[in-house]
Amino acid sequence: MISGYLYIAPFFIIFAVIGLYPVLFSIFLGFQKWNGLSPMTFVGFANFKIVLTDPLFWKSVYNTIVIGLMGTAPQLVFGIIFAYLLNLAFLKLKNFFRVTIFLPYITSMVAVALIFSVLFSDHESSLANYVLSLAGLDPVNWSSSEWGTKIAISIMVFWRWVGYNTIIYLAGIQSIPNDLYEAATIDGANKFQQLLHITMPMLKPFIVLTVFTSTVGALQLFSEPTVFLGNSAFTRDEAMTIVMYLYRDAFKLQSFGTASATAIILLVLITAFAAINTFLTSGMGRKRGGNK
Amino acid sequence: MNQSEKGRKSSVGKILIYVLLAIASLCSLFPFYWMFVMATRPSSAYNSIPPTIVPGNLLVENFKKVLDHIDFFQAMWNSFLVCSIVTIVVLFISSLAGFAFAKFNFRGKNIFFTAILLTMIIPPQLGLIPQYFLISKVGLLDTLPGVMILFFLNPLGIFLMRQYISGSVPDELIEAAKLDGCSNFKIYRSIVLPIILPAFATLGIIVFSAAWGEFLWQFTVLRDPEKYTIQVALAQLSNTQNVDFGMILSGVFWATVPLLIIFLLFNRLFISSITDGSVK
């Protein structure tokens, strides 16, 4: 009886000190003006007003959403396609394809960002620009233009995470009982109908899960743009994300009150977006099919 | 449609599928290969026309330049130390709590378990600033324990351990041990631990690689180059005057190779750790 509490106590003690206390203190700090040294002063909602009227904050929200959409939405589509193909019975070299598609995920985000910062460097004959020139297109300033930075970072996010989602979908597809397909084949359903009416609906819980984690992850984007942009990460605004804005307020400008207010706003945004996206995905297909 | 036509059509489809997967694999592998090529070339190679696609002979020279800029081996060791200790601590905390949640009855058990799951939705950035001041107040700023402490918190670990223990440790075994007068901790040590070792491998990989790749917290806590973990050290490589791409990618290459080898040896374990961590 007692040892039950004893055994779960370590988690709760650590959580109280470095989880709960910091969160509560952040909320408190959101209403204070503080530079980290002099005493705090209560300022009510002033920090929130400062952040919410700062064009740079809204730019960071816009950047985060645009990069999030471009970097993660295609992942889910490609993830399902790859998982479907990797599960085909006749396919040889399955494990080879699976391992190579998954490989980017095991490299750290810092490593990925550095590799891509060279692939997508500003120089007019960098590899990315060379590829563009083959297609007859003009070179792009990948680390200083509005769309160049966003596209490069989105490709990088896509590249690192698509294998991760593929693996989850693959596990999902493999959990679908085979007799469903056998019954459908007997009823004369072709492969495409089976994909649409068996695989996709059965995969829905996995899609909901990946949409949730991708949404949360996309809104917390920090390492990729910070390392990709290097020296100019906190001085330019083309790829500044919400967390970078928060970091800049706190550790570059010593404005801990507004940074905490930003953290609270971020929490609200994450909760809202995650709830909306999860709701939309779990409602997906309900009208059409009548599946649970 | 006759039989042979149908057969031809499906073999065209098969070839198409192989081509598609081959392209996907190539896209996955190319940045790694290119990283290797750049790590063996002078900085100017990155923008040569036509692009440089065969390795050069500066593998060692470029790495020497890395060593001039960052203490590479110290940083690798620091990361290894941080991740190993974090993994051991998390495995211990999670399996103890998972055991309690799976096999004990105590008041409020479900509430406590739900509370642990709820802590998973707190974004790590929300506590960042107070965590930073807390760490600095207790004198752990710029130290490896200061980095580690945040990773000790791992609700997912408790969740996975509970699932695994309730599924794989038979109640009868525990009852029998109790009748023999074993203490709960003795049961944990001599019955539960041996059974859950495979789950330790899975959770260990999840925890170790998450801590290895994490950046925001390490970047915030560590300022002294001697304490840098490998992620923070690598990030410094591009913060120099006269950026040297050969040098940067040499650092990334040597930091990535050990991971690639470990992954290729244990890829099944890695891949199943992802599905265990998210699907169950």
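Residues numbered from 1 in each chain as written. Chains lettered and ligands numbered in written order. Predicted model: local features only at pLDDT ≥ 70, side-chain atom pairs only at ≥ 80, totals over all residues.

The helix and strand tally for chain B stands at 13 helices and zero strands. In sequence order, the secondary structure elements of chain B are arranged as α-α-α-α-α-α-α-α-α-α-α-α-α. In terms of overall size, chain B is more extended than a compact globule, its C-alpha atoms giving a radius of gyration of 25 Å where 280 residues would be expected to give roughly 19 Å. Overall size of chain B, expressed as C-alpha extent along the three principal axes, is 75 × 75 × 35 Å. Counting all 280 residues of chain B, 41% fall into the buried class. (Helix = DSSP H or I, 4+ residues; strand = E, 2+ residues; numbered from the N terminus. Rg over C-alpha atoms; globule rule 2.2 N^0.38 Å. Buried ≥ 20, exposed ≤ 12 C-beta atoms within 10 Å, placed from the backbone.)

Structurally, chain B comprises domain 1 (3-58) and domain 2 (70-237). Domain 1 of chain B and domain 2 of chain B are separated by 39 Å when their C-alpha centres are compared. (Domains from an automatic or database assignment.)

What follows concerns the UniProt feature "domain: ABC transmembrane type-1" (unreviewed entry) in chain B. Under the present numbering, the feature "domain: ABC transmembrane type-1" (unreviewed entry) in UniProt falls on residues 76-266 of chain B. Regarding residues 76-266 of chain B, the helix share stands at 76% and the strand share at 0%, and the terminal C-alpha atoms are separated by 21 Å. (UniProt positions renumbered as here; feature names shortened; annotations may be inferred.)

Moving on, we come to the interface of chain A and chain B. In this complex, chain A contributes 70 residues to the contact, which on the side of chain B involves 68 residues. With 17 residues, the single largest contributor to the side of chain A that touches chain B is helix α1 (residues 2-29) of chain A. Taken together, the residues that form the side of chain A that touches chain B break down as 52 nonpolar, 18 polar and no charged. (Contact = placed C-beta atoms within 7 Å. Nonpolar A, V, L, I, M, F, W, Y, C, P; charged D, E, K, R; others polar.)

With that settled, the discussion passes to unusual backbone geometry. Phi angles above zero are rare outside glycine, and L93 of chain A is one such case at about 60°. Along the chain, the position of L93 of chain A falls in the loop between α3 (55-86) and α4 (94-106). Residue L93 of chain A is classed as exposed on the basis of its 12 C-beta neighbours within 10 Å. The phi torsion at D142 of chain B lies on the positive side, around 65°, for a residue other than glycine. As for its position among the elements, D142 of chain B is in the loop between α5 (128-137) and α6 (144-151). Given 16 C-beta atoms within a 10 Å radius, D142 of chain B is considered partly exposed.

Residues and elements named next belong to chain B. Its place among the elements puts I88 in helix α3 (residues 72-103). Its 14 C-beta neighbours within 10 Å are what place I88 among the partly exposed residues. Separated by 112 residues in the primary sequence, I88 and F200 place their C-alpha atoms 9.6 Å from one another.

Within the secondary structure, L29 of chain A sits in helix α1. With 93 residues separating them along the chain, L29 of chain A and D122 of chain A place their C-alpha atoms 40 Å apart. If near-sequence neighbours (up to four positions away) are discounted, L29 of chain A is found in contact with W34, F256, G257 and S260 of chain A together with I129 and P130 of chain B.

With that settled, consider the environment of K109 of chain B. Mapping K109 of chain B onto the fold places it in helix α4 (residues 109-119). On the basis of neighbour count, K109 of chain B is assigned to the partly exposed category, with 15 C-beta atoms found within 10 Å. In the structure, K109 of chain B is positioned 75 residues away from N184 of chain B in sequence and 17 Å away in space, judged by C-alpha atoms. Aside from chain neighbours lying at most four places away, what touches K109 of chain B is G4 of chain A together with F101 of chain B.

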